[in-house]
2 protein chains.
Amino acid sequence: MQTVIIGSGNVAYHLAKAFKQNNIPLSQIFGRNQNELQKISSELNIPYSTQDLEDADLYIISVNDQSIEEVSGIISKKNCLVAHTSGSLPKEILAGEYRKSSFYLLQTFSKSKSLDYRKIPFFIETENIEDQQLLTELASKISANVMESTHEKRKYIHLTAVFACNFVNHLFARAKEISDSQDIPFDYFLPLIDETIQKIHEIDPKSAQTGPAVRNDQRVLQLHEQLLKEESLTIYRTINNSIKKMYEL
Amino acid sequence: MQTVIIGSGNVAYHLAKAFKQNNIPLSQIFGRNQNELQKISSELNIPYSTQDLEDADLYIISVNDQSIEEVSGIISKKNCLVAHTSGSLPKEILAGEYRKSSFYLLQTFSKSKSLDYRKIPFFIETENIEDQQLLTELASKISANVMESTHEKRKYIHLTAVFACNFVNHLFARAKEISDSQDIPFDYFLPLIDETIQKIHEIDPKSAQTGPAVRNDQRVLQLHEQLLKEESLTIYRTINNSIKKMYEL
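Residues numbered from 1 in each chain as written. Chains lettered and ligands numbered in written order. Predicted model: local features only at pLDDT ≥ 70, side-chain atom pairs only at ≥ 80, totals over all residues. Heavy atoms only, no water.

Asks: Before we go on, may I ask you to explain the nonpolar core in this structure?
Replies: Nonpolar side chains in soluble globular proteins tend to end up buried together. Residues F163 and I193 of chain A together with F163 and I193 of chain B are the most contacted members of the largest nonpolar core, which totals 69 residues. When residues of this core are traced back to their parent elements, those giving at least two are helix 5 (151–181), helix 6 (190–202) and helix 9 (230–246) of chain A together with helix 5 (151–181), helix 6 (190–202), helix 8 (218–227) and helix 9 (230–246) of chain B. (Core = buried A, V, L, I, M, F, W, Y, C linked by side-chain atoms within 4.5 Å. Buried < 20%, exposed > 50% of the residue type's maximum accessible area, 1.4 Å probe, protein only. Helix = DSSP H or I, 4+ residues; strand = E, 2+ residues; numbered from the N terminus.)

Right, dumping it as structure tokens:
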């Protein structure tokens, strides 16, 4: 089977790397960003092009959600399977006469950070059972955690991931802004952060909640508000309010 | 040296356990909640009382911030050192004629979850150098990470911890609410969460940010807003807005 990955971002890079690590043939990586393609191509020893899309049986489009529709239009071939890796868009966003599918990896990807691909959940949706089998077999070479998923369910998986990953990371960024402002090394907080995450492996996060808001400790809440401003103050009030509502305080 | 811990909550329990594990003598745990005291006492083999406070050289008060002042008033002895474990209150909140100090452990504690005490940062503030040495030596038997800290700095350490731990946990609780609503097992998200945390051990969280908000992906942002309501929708808008500001989008 001939496979082409379209895109040169974080997901495209890690997907290409996962193919390589598991000896899955990859015919080409294709995209617009020559610089990034060149880097991936030389690291993973895969041909790349910004001009001539290779003929293939499977195209995996890993580009920004906004560009998927446009990019999918460059595939003029009909007898092939095309997948996108978006968590939010339906497979029907793909603009061609080929068979359409979704191939979603539930993970956060940065090029500089290596990953254990066996642990990444893959969610697959296709038009027919043969394509479902094909993509499931492919994904199973990479991960031990391959599932079918409708678009409806995938939207909620992605939304949950935004809260549990993107928003959590932003809280770390705002936390570091606070500690940096007082020359407190952010490293001090890593054991606390590790423990916070260890806990939810064992306890329901709702039961694991600690801190001044769930204790309804008005003295501390007011003191903290005095130390904060702008976006961090808004976050502080919003999350405390949400904690109040969740625990009916 | 005779030491008494006052309180029977999460911090008091773990502090007593850390003393025990490191063969530091503990004369008594004292408090109001007979039920909890009894459990701790029998698990750790330490005498407890709800009535008669043992004579000691050091009293460590580990109770809710709101109760510290009142509880500290029961110590009538003058020639002793009293510490509280609050991250936010000054040592002067202690209401007695003894020497006052702060003994703050930067960690999140649940009784059901065991901990590696060696990794917990301890922050100590006292009235004089002898007490500083005494508490530093004591804490150093438990942890490899013992530091001096003023009240001013400690307030910001606690505030940073609220963002990096309490608020992060609440996002997990809201995330689980979303995935539960669609019968999606929260376990699916654990590799993603682990990776999110792994990343900030290596990369500045500001540089590690991913997701629709930092990509300014309006299509996904609007879709997500349609899936959310009430507190989760408010959190979604607040954090996205904060991301927008941080990255000047």
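Having seen the structure, we can now continue with the description.
Asks: What is the right way to look at the packing of aromatic side chains in this model?
Replies: Each pair of aromatic rings is reported with the distance of its centres and the angle of its planes. By the definition in use, this model includes 14 aromatic pairs over all chains. On the basis of an interplanar angle of 70° and a centroid distance of 5.4 Å, the ring pair of F103 of chain B and F122 of chain B is categorised as edge-to-face. Highlighted residues: F103 of chain B in strand 6 (residues 99–105) and F122 of chain B in strand 7 (residues 122–125), separated in sequence by 19 residues. Each of the two residues, F103 of chain B as well as F122 of chain B, counts as buried. Through successive ring pairs, a cluster of aromatic residues spans Y104 and F123 of chain A together with Y188 of chain B. It is K206 of chain A that lies over the ring of Y247 of chain A; its NZ or CZ is 5.9 Å from the centre. (Phe/Tyr/Trp six-rings, centres within 6.5 Å; stacked < 30°, edge-to-face > 60°. Lys NZ or Arg CZ within 6 Å of the ring centre and 35° of its normal.)

Asks: Mind showing me how you'd approach the pairing of strand 4 (residues 58–61) of chain A here?
Replies: Working note: regular strand, side chains alternate between the two faces of the sheet. Residue and element names in this part refer to chain A. Covered by surrounding structure in strand 4 are L58 and I60 together with Y59 and I61, the residues of both alternating faces. The pairing of strand 1 (residues 3–6) with strand 4 spans 4 bridges and is parallel. Following the sheet pairing, I5 is matched in strand 4 by I60. Handedness of the crossover is the feature at issue here: the chain leaves strand 4, passes through helix 3 (residues 65–72), returns alongside strand 5 (residues 81–84), and the resulting connection is right-handed. (Pairing = 2+ DSSP bridges. Right-handed = clockwise from strand over helix to strand, strands pointing away.)

Asks: I'm lost on the relation of the copies chain A and chain B in this one. Help?
Replies: Two chain copies here: they are related by a rotation about an axis and a translation along the same axis. Rotating chain A by 180° about the axis while translating it 0.0 Å along that axis superimposes it on chain B, leaving an RMSD of 0.0 Å. On the angle and the small slide along the axis, the relation comes out as a two-fold axis. Residue V168 of chain A, judged by its C-alpha, is the member of chain A lying nearest the rotation axis, at 2.8 Å. The fraction of interface residues of chain A whose copies in chain B are also interface residues reaches 100%, indicating that both copies meet through the same surface. (Least-squares fit on C-alpha atoms with pLDDT ≥ 70 in both. Contact = heavy atoms within 4.5 Å.)

Asks: Can you help me understand the sheet that holds strand 1 of chain A in this one?
Replies: By way of backbone hydrogen bonds, the strands of a sheet pair with one another, either parallel or antiparallel. All names here are of chain A. What the 8 strands build is an open sheet, ordered 3-2-1-4-5-6-7-8; its pairing is mixed. With one partner strand each, in any of the chains shown, strand 3 (48–49) and strand 8 (146–148) form the two edges of the open sheet. Bridge count for strand 6 (residues 99–105) against strand 7 (residues 122–125) is 4 bridges, and the pairing is antiparallel. Residue pairing across strands places L105 opposite F122, the latter belonging to strand 7. The strands touched by helix 5 are strand 5, strand 6 and strand 7; relative to strand 6, the strand with the most contacts, the crossing angle is about 25°. (Axes fitted to C-alpha atoms, helices over the stretch in contact; angles between N-to-C directions.)

Asks: Just to check I follow, could you spell out the sheet that holds strand 8 (residues 146–148) of chain B for this structure?
Replies: Residue and element names in this part refer to chain B. The 8 strands are arranged 3-2-1-4-5-6-7-8 in an open sheet whose pairing can be described as mixed. Pairing within the sheet leaves two strands with one partner each, and these edge strands are strand 3 (48–49) and strand 8. In this sheet, strand 5 (residues 81–84) lies alongside strand 4 (residues 58–61) in parallel orientation, the contact comprising 4 bridges. Following the sheet pairing, I61 is matched in strand 5 by H84. Strands strand 1 (3–6), strand 2 (28–30), strand 4, strand 6 and strand 7 of the sheet are contacted by helix 1 (residues 10–21), whose axis makes an angle of about 155° with strand 1.

Asks: Even after reading the chapter, I still don't get the interface of chain A and chain B, so can you show me in this structure?
Replies: In many analyses, interface size is given as the accessible surface area lost on bringing the parts together. Between chain A and chain B, the contact holds 96 residues from the first and 96 residues from the second. Both faces combined, the contact of chain A with chain B buries some 9,400 Å², and carbon together with sulfur accounts for 69% of it. Joining chain A to chain B, the criterion identifies 6 salt bridges. For the salt bridge of K176 of chain A with D204 of chain B, the shortest nitrogen-to-oxygen distance reads 3.2 Å. Linking chain A to chain B there are 34 residue pairs in polar contact (both at pLDDT 80 or more). Mapped by element, the contributors of at least two residues to the side of chain A that touches chain B are helix 3, helix 5, helix 6, helix 7 (205–208), helix 8 (218–227) and helix 9 of chain A. Considering each element in turn, the side of chain A that touches chain B owes the most residues, 26 residues, to helix 5 of chain A. By residue class, the composition of the side of chain A that touches chain B is 46 nonpolar, 29 polar and 21 charged. (Buried area = accessible area lost by both parts, 1.4 Å probe. Salt bridge = Lys/Arg side-chain N within 4 Å of Asp/Glu carboxyl O. Polar contact = N/O pair within 3.5 Å; in protein donor to acceptor, adjacent residues only side chain to side chain. Nonpolar A, V, L, I, M, F, W, Y, C, P; charged D, E, K, R; others polar.)

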